[in-house]
Amino acid sequence: MLDAIKSAVGDLARPLAIISTSFAASWATVVVADKVTDGNDGAIFMGAVFAGVGALYIGKAFELTRIAGHKAEVQKAQATAAPPPGATTITAGPDVDVSVREASTEGELPASQRVRP
């Protein structure tokens, strides 16, 4: 039960932090626009606010690309380590010739070398 609560809080913490920071930045934009009489002060404040919010979103995008890359590497390793469930291996019997031959363009191959559809 405690682990489920920790997991739920962990899953919600970052999105809620980003949403609340974005909301605070937008509210500050309205307040600053109302209070500031000099455009330069307002522009500096707005630049700082948008740089902070932009850094949060860029960090999240970077994290997601790293996670996706890691998951892809794990799937590659799992695919090469073991065959998929339910897969069967085909083993040639001692009487089957599995040697590689050159393809010939002249005439038709003998019946023993033809590939059956």
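Check the entry above for the structure.
Residues numbered from 1 in each chain as written. Predicted model: local features only at pLDDT ≥ 70, side-chain atom pairs only at ≥ 80, totals over all residues. Heavy atoms only, no water.

Visitor: When you look at the overall build of the protein in this model, what are you seeing that I'm missing?
Guide: Along the backbone of the protein there are two helices and zero strands. Counting the 117 residues in the protein, one finds 7% classified as buried. Total accessible area computed for the protein in this model is approximately 10200 Å², and 65% of it derives from carbon and sulfur atoms. (Helix = DSSP H or I, 4+ residues; strand = E, 2+ residues; numbered from the N terminus. Buried < 20%, exposed > 50% of the residue type's maximum accessible area, 1.4 Å probe, protein only. Areas by Shrake-Rupley, 256 points an atom, 1.4 Å probe, with all protein chains shown as cover.)

Visitor: How do you make sense of the environment of proline 15 when you look at a structure like this?
Guide: Tracing the backbone through its elements, the reader meets proline 15 in helix α1 (residues 2–35). In sequence terms proline 15 and lysine 60 are 45 residues apart; their C-alpha atoms lie 9.7 Å from each other.

Visitor: Any chance you could explain helix α2 (residues 39–81) here in plain terms?
Guide: Residue pairs spaced three or four apart in an α-helix point in one direction, given the helix's 3.6 residues per turn. With 43 residues, α2 should cover 63 Å at 1.5 Å per step; its first-to-last C-alpha distance of 62 Å lies within 8% of that length. Buried residues of α2: Gly42, Met46, Val49 and Val53, and no others. The elements touched by buried residues of α2 are α1. (Expected span 1.5 Å × (residues − 1). Contact = heavy atoms within 4.5 Å.)

Visitor: What exactly am I supposed to notice about a nonpolar patch on the surface here?
Guide: A surface patch of nonpolar side chains, about 350 Å² in accessible area, is lined by Met1, Ile5 and Val9. For methionine 1, the location among the structural elements is in the segment before α1. Methionine 1 sits in the exposed class, given a relative accessible area of 80%. (Patch = residues over 30% accessible without salt bridge, like charges linked within 9 Å, V, L, I, M, F, W, Y side chains within 5 Å. Salt bridge = Lys/Arg side-chain N within 4 Å of Asp/Glu carboxyl O.)

Visitor: Can you walk me through the packing of α1 against α2 in this structure?
Guide: Geometrically, a packed helix pair is captured by the angle between its two axes and the distance between the axes. Between α1 and α2, the shortest axis-to-axis distance is 10 Å and the interhelical angle comes to 165°. Comparing their axes, α2 and α1 come out roughly antiparallel. You can see that α1 and α2 cross each other, and the crossing is left-handed. Contact with α1, carried on its side by Arg14, Ile18, Thr21, Ser22, Ala25, Ala28, Thr29 and Val32, involves Gly42, Phe45, Met46, Val49, Phe50, Val53, Leu56, Tyr57, Lys60 and Glu63 of α2 and no other residues of that element. Grouping the amino acids of the contact of α1 with α2 by side-chain chemistry returns 11 nonpolar, four polar and three charged. (Axes fitted to C-alpha atoms, helices over the stretch in contact; angles between N-to-C directions. Parallel < 35°, antiparallel > 145°, perpendicular 65-115°, else oblique. Left-handed = near helix turned anticlockwise from the far one by under 90°. Nonpolar A, V, L, I, M, F, W, Y, C, P; charged D, E, K, R; others polar.)

Visitor: Whenever I open this one, the pattern of salt bridges confuses me. Can you help?
Guide: When their charged atoms lie close together, side chains carrying opposite charge are able to pair. Enumeration according to the criterion identifies two salt bridges in this entry. The closest approach of N and O atoms between glutamate 63 and lysine 60, which form a salt bridge, is 3.8 Å. Residue glutamate 63 and its partner lysine 60 are both found in helix α2; the two are separated by three residues, about one turn of the helix. Its relative accessible area of 27% is what places glutamate 63 among the partly exposed residues.

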